[in-house]
Amino acid sequence: MSDTPIPTGPFGGLTRLDHVGIACRDLDASVEFYRSTYGFEVEHEEVNEEQGVREAMLRINGTDDGGATYLQLLEPTREDSPVAKFLARNGEGVHHIAFGTGDVAASAAGIGERGVRVLDDEPRSGTAGSRIVFLHPKDCGGVLTELVQSAH
Ligand code: MC0
């Protein structure tokens with residue numbers, strides 16, 4: 001166990017739930033479910049080729065650090081992607097959770113020192129210009145966990 005504190009507060013630590021990522025087979029049908037059932041609207045949509053996903057971000061609420069919390073709907077764009085693999089094994093459902101941080105590299109380093117495998121040596125490109133790293137689900141109680149530093 002490391003003695004190094006995880007950076008806290010709005011400029012270094014984990015400040016909010018950024019999003020819950022949900023694996024789906026048909027993004028448009030899933031978007032329509034969340035729109036017609038709950039009234040959530042798509043704020044942003046993009047394809048992330050590196051991660052092999054087409055995704056939609058549905059804003060749920062704002063937060064007091066200026067960020068927001070989203071549902072992220074994920075449809076795989078290729079069969080060898082993590083989300084395609086997850087769907088084949090588990091079917092549709094919650095794929096990961098993501099915490100927001102003001103400094104993704106510092107947060108990942110602090111958490112890595114605590115024995116959690118950080119899956120990305122360097123932050124990768126996430127939604128809307130964000131920088132992201134993933135933590136191994138086997139070190140996080142079975143939950144694939146992402147850290148996100150938003151572009152804002
Ligand atoms: C796999 N496992 C999971 C899981 N995916 N457990 C919980 N939640 C998940 N989503 C479990 C499997 O059941 C298996 O357990 C073990 O982890 C190994 O899985 P595997 O698929 O056989 O092995 P790997 O190593 O090929 O892949 C697993 C790993 C990978 C988590 C390392 O999927 C990965 O690197 N994911 C991070 C990237 C990612 O998921 N990108 C898509 C979202 P057993 O017990 O059978 O051994 S992209 C995204 O979200 C971006 C766009 C964004 O937010 O901005």
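Residues numbered from 1 in each chain as written. Predicted model: local features only at pLDDT ≥ 70, side-chain atom pairs only at ≥ 80, totals over all residues. Heavy atoms only, no water.

## Overview of the environment of Cys140
Where we set the bar: Helix and strand assignments follow DSSP, with helices taken as H or I runs no shorter than four residues and strands as E runs no shorter than two, numbered in order from the N terminus. By the convention used here, residues are in contact when the closest approach between their heavy atoms is within 4.5 Å.
Here Cys140 shows up in the loop between β7 (131-135) and β8 (145-149). Discounting residues that sit within four places of it in the chain, Cys140 has contacts with Val116, Leu135 and Thr145.

## Observations regarding unusual backbone geometry
In most cases, non-glycine residues show a negative phi, while peptide bonds are predominantly trans. Its identity is not glycine, yet Ala128 carries a phi of approximately 50 degrees, on the positive side. Within the element layout of this structure, Ala128 appears in the loop between β6 (124-125) and β7.

## A few points about the site of the ligand
To be explicit about the condition: Here a residue counts as near a molecule or strand whenever at least one of its heavy atoms sits within 4 Å of it. Under the convention used here, a 1.4 Å probe and the Shrake-Rupley method define accessible areas, while residue burial counts only the protein chains that appear. Following the grouping adopted for this structure description, the nonpolar residues are Ala, Val, Leu, Ile, Met, Phe, Trp, Tyr, Cys and Pro, the charged ones are Asp, Glu, Lys and Arg, and the polar ones are all others, Gly among them.
Around the ligand sit 22 residues, and of these Gln51, Lys85, Arg89, Lys138 and Glu146 come closest. In the complex, the protein chains occlude 71% of the 1100 Å² of accessible area that the ligand would expose alone. At the level of elements, α2 (82-90), β5 (93-101) and β7 are the ones that each hand at least two residues to the shell around the ligand. For the shell around the ligand, the leading source of residues is α2, giving 5 residues. Considering only residue class, the shell around the ligand consists of 8 nonpolar, 9 polar and 5 charged.

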